[in-house]
Amino acid sequence: MTKTGGGPRPRGAWWREGAVTATAFVLCLLGGVVQVDDTLTAPPAAAYVIAVVSCGVLPLRRRAPLAALAATTASGILVAPLGLLLSPLIVAPALITAYSYALTARTERRAAGAVLGTSVVLLVASTPLFGGVSWQDASRMGSVAAFPLMAGVLGHSVRNRRAYLAAVEERARRAEESRDGEARRRVAEERVRIARELHDLVAHQITLANAQATVAAHLFDIRPEQTRKSLRELVETTGHALDELRSTVGLLRQSGDTAGPAEPAPGLSRLPALLASFCGAGLEVSVEQEGTARPLAPGVDLTAYRIVQEALTNVTKHAATGAARVHLAWSRDRVTVTVADDGEGAVAVHSRPPGYGLIGMRERATAAGGQLSAGRRPEGGFLVSAELPLPPARPGGAP
């Protein structure tokens, strides 16, 4: 690409500049050959002077277009006083600089048009000032006036075309960057979602397995039957953990990998099985419902299930208690899920900075369009409360 500044220019640009300058020089000399009576003679010395002066500034027309236009216009004004015939050929350098000025001028369109118009007036005004004007002279003057104006219009059109293409390329580049940014954002969100799923199910299952193993170790010598029962429950818990891990990690498969059977995402309908798993780990959980239960959107249903699961997992891990309460309150436009305990050790544990469990629950609630609060209860223990949106009720009370 040719540079318009003062830096080095590619070798191809110099070849083009040389070809343009040589062509303009030849045309200018041909213009000096034509006489008033339409006869041809050898170019006089004045024609060489005009050609050398006007073509010598052409290589500067990109860096200083206004100065180059002024120099070629001044050379054209000297055509008639030097006894030469004013024609489009002899002012060919002025046509080239008019095109370059319209192409590269940094002024407004009106200002550029005024400069080109002034140049044309000065070119054609020299003929009537230094001799009579015949019909033939008037015809040549008209062509001399028309060609620079046409060159200016062409240069302005090319400039607009280049600006349009540059704007299109810029929009395409920004759109590509926007698509790349959106793709990266979605990948990051998917990573966070999968990490949240893995954290929730691993924390839940490992906590239950740890509690069941602790019970089995405690009862190993005094209650063998109870120990065998705890070990069977431990095997079931680890089996469920492996199944859920396999299902979640399956989301990371490539499109060509063999997909295993997909299980439906858990929801509040699987709450009894979830509570039973905690009962096997020594945590008694009571459930209360207020209002009329309604179907939830799949994403909200999964969020409610995971919040209950993570909250009860935290109770099992941190609270020195064997009981917890789950409360579901259904209203017109939302369901409130509350998990509370009154463990004595909850105050000491929950006074530490929140871990990934609370962060994940809060992210889930926000992503589902709800909100979550968690903190110590004034009467002791810990409480997690999430408000999640319900789909609008259908007319007539139908779910």
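Asks: Quick question: what am I supposed to make of the state of the cysteines here?
Replies: Cysteine pairs can be covalently joined through their sulfur atoms, and such a bond is termed a disulfide. All told, the structure shown has 0 disulfides when counted by the stated rule. Counting only cysteine sulfurs, Cys55 is the nearest neighbor of Cys28, a cysteine outside any disulfide, at a range of 5.3 Å. On the accessibility criterion, Cys28 (0% relative accessible area) is buried.

Asks: Hey, could you run me through the sheet that holds strand β1 (residues 284-290) in this one?
Replies: Two modes of strand pairing occur in sheets, parallel and antiparallel, and in both the strands are linked by backbone hydrogen bonds. With mixed pairing, 5 strands are arranged side by side in an open sheet as β1-β2-β3-β5-β4. On the outer flanks of this sheet lie β1 and β4 (371-376), each paired with one strand and no other. Taken pair by pair, the neighbouring strands of this sheet meet at an average axis angle of 10°, ignoring direction. Of the pairings in the sheet, the one linking β4 to strand β5 (residues 382-389) comprises 6 bridges and is antiparallel in character.

Asks: Please clarify how the confidence of the model for the chain should be interpreted in this entry.
Replies: When pLDDT drops low, the exact placement of atoms in the prediction is not to be read closely. Mean pLDDT over the chain: 76, with 71% of residues reaching 70 or higher. Predicted confidence is poor over residues 1-7, with pLDDT under 50, and the contacts of this stretch with residues over four places away or in other chains come to 12 contacts. In this model residues 345-353 is a low-confidence stretch, pLDDT under 50, and it forms 13 contacts with partners more than four residues away in sequence or in other chains.

Asks: Please explain the pattern of salt bridges as it appears in this structure.
Replies: It is possible for side chains bearing opposite charge to pair when their charged atoms get close. According to the stated counting rule, one finds 7 salt bridges in the structure shown. We note a salt bridge from Arg185 to Glu182, for which the minimum N-O separation is 2.4 Å. In this pair, Arg185 and Glu182 are both assigned in helix α6 (residues 135-219), 3 residues apart and thus about one turn of the helix distant. Overall, Arg185 belongs to the partly exposed group, its relative accessible area being 38%.

Asks: Got a minute to help me understand the nonpolar core in this structure?
Replies: Generally speaking, soluble globular proteins have nonpolar side chains that are buried together. One finds Val308 and Leu312 to be the most contacted residues of the largest nonpolar core, which totals 34 residues. For this core, the elements supplying multiple residues, two or more each, are α8 (271-280), α9 (298-318), β2 (323-330), β3 (334-341), α11 (356-367) and β5. A per-element tally of this core places α9 first, with 8 residues. If we skip the residues at most four places from it in the chain, Val308 touches Leu271, Leu274, Val326, Val337 and Val339. Cys28, Ala51, Val124 and Met141 belong to the second largest nonpolar core, which has 18 residues in total.

Asks: Explain helix α2 (residues 45-56) to me, please; I cannot follow it from the model alone.
Replies: Structural remark: α-helix, 3.6 residues per turn; residues separated by three or four positions point the same way. The first and last C-alpha atoms of α2 sit 16 Å apart over 12 residues, in line with the 16 Å expected at 1.5 Å per residue. Among the residues of α2, Ala46, Ala47, Ile50, Ala51, Ser54 and Cys55 are the ones counted as buried. The arc enclosing the buried residues of α2, seen along the axis, measures out at 140°, which places them on a common side. Of the residues in α2, the exposed ones pointing more than 90 degrees away from the buried face are Ala45 and Val52.

Asks: It is not clear to me how the packing of helix α3 (residues 65-77) against helix α4 (residues 92-104) should be interpreted in this structure. Could you clarify?
Replies: Helix-helix packing: each pair is described by the crossing angle between the helix axes and the interaxial distance. The contact between α3 and α4 brings their axes to 9 Å, and the two run at 160°. Relative to α4, the element α3 lies roughly antiparallel. As for how α3 packs across α4, the hand of that crossing is left-handed. For the pair formed by α3 and α4, the contact residues are Pro65, Leu66, Ala68, Leu69 and Thr72 on the first element and Pro93, Ala94, Thr97, Ala98, Ser100, Tyr101 and Thr104 on the second. Looking at the contact of α3 with α4, its residues break down into 8 nonpolar, 4 polar and no charged.

What counts and what doesn't
- Here the residue numbering is sequential within each chain, running from 1 through the sequence in written order.
- Note on the predicted model: pLDDT of at least 70 is required for a residue's local features to be given, and 80 or more for side-chain atom pairs to be given and counted; whole-chain, interface and lining totals, by contrast, use all residues.
- Calculated side-chain values reflect all of the structure's heavy atoms, with hydrogen atoms and water omitted.
- Only a pair of cysteine sulfur atoms within 2.5 Å counts as a disulfide in this structure description.
- Burial here depends on accessible area, computed with a 1.4 Å probe over protein chains only, as a share of the maximum for the residue type. Under 20% is buried, over 50% is exposed, and the range in between is partly exposed.
- For two strands to pair, DSSP has to find at least two bridges joining them.
- Secondary structure is summarised from DSSP: a helix means a run of H or I of at least four residues, a strand means a run of E of at least two, and numbering begins at the N terminus for each.
- Think of each axis as a best-fit line through the C-alpha atoms, taken over the contacting stretch in the case of a helix, with angles from 0 to 180 degrees between the N-to-C directions.
- Note on scores: pLDDT gives the predictor's confidence for each residue, bounded by 0 and 100.
- The criterion used for residue contact is that any of the two residues' heavy atoms lie within 4.5 Å.
- For this document, the term salt bridge refers to a Lys or Arg side-chain nitrogen within 4 Å of an Asp or Glu carboxyl oxygen.
- As used in this record, nonpolar core signifies buried Ala, Val, Leu, Ile, Met, Phe, Trp, Tyr and Cys residues forming a set joined through side-chain atoms within 4.5 Å.
- The span one expects for a helix is its residue count, reduced by one, times 1.5 Å.
- Directions from the helix axis toward the C-beta atoms define the arc.
- Should an angle fall under 35 degrees it is called roughly parallel, over 145 degrees roughly antiparallel, and 65 to 115 degrees roughly perpendicular, with every other angle called oblique.
- Crossing handedness is defined as follows: a turn of the near helix away from the far one that is anticlockwise and smaller than a right angle gives a left-handed crossing, while the clockwise case is right-handed.
- Nonpolar residues are Ala, Val, Leu, Ile, Met, Phe, Trp, Tyr, Cys and Pro. Charged residues are Asp, Glu, Lys and Arg, and all others, Gly as well, are polar.

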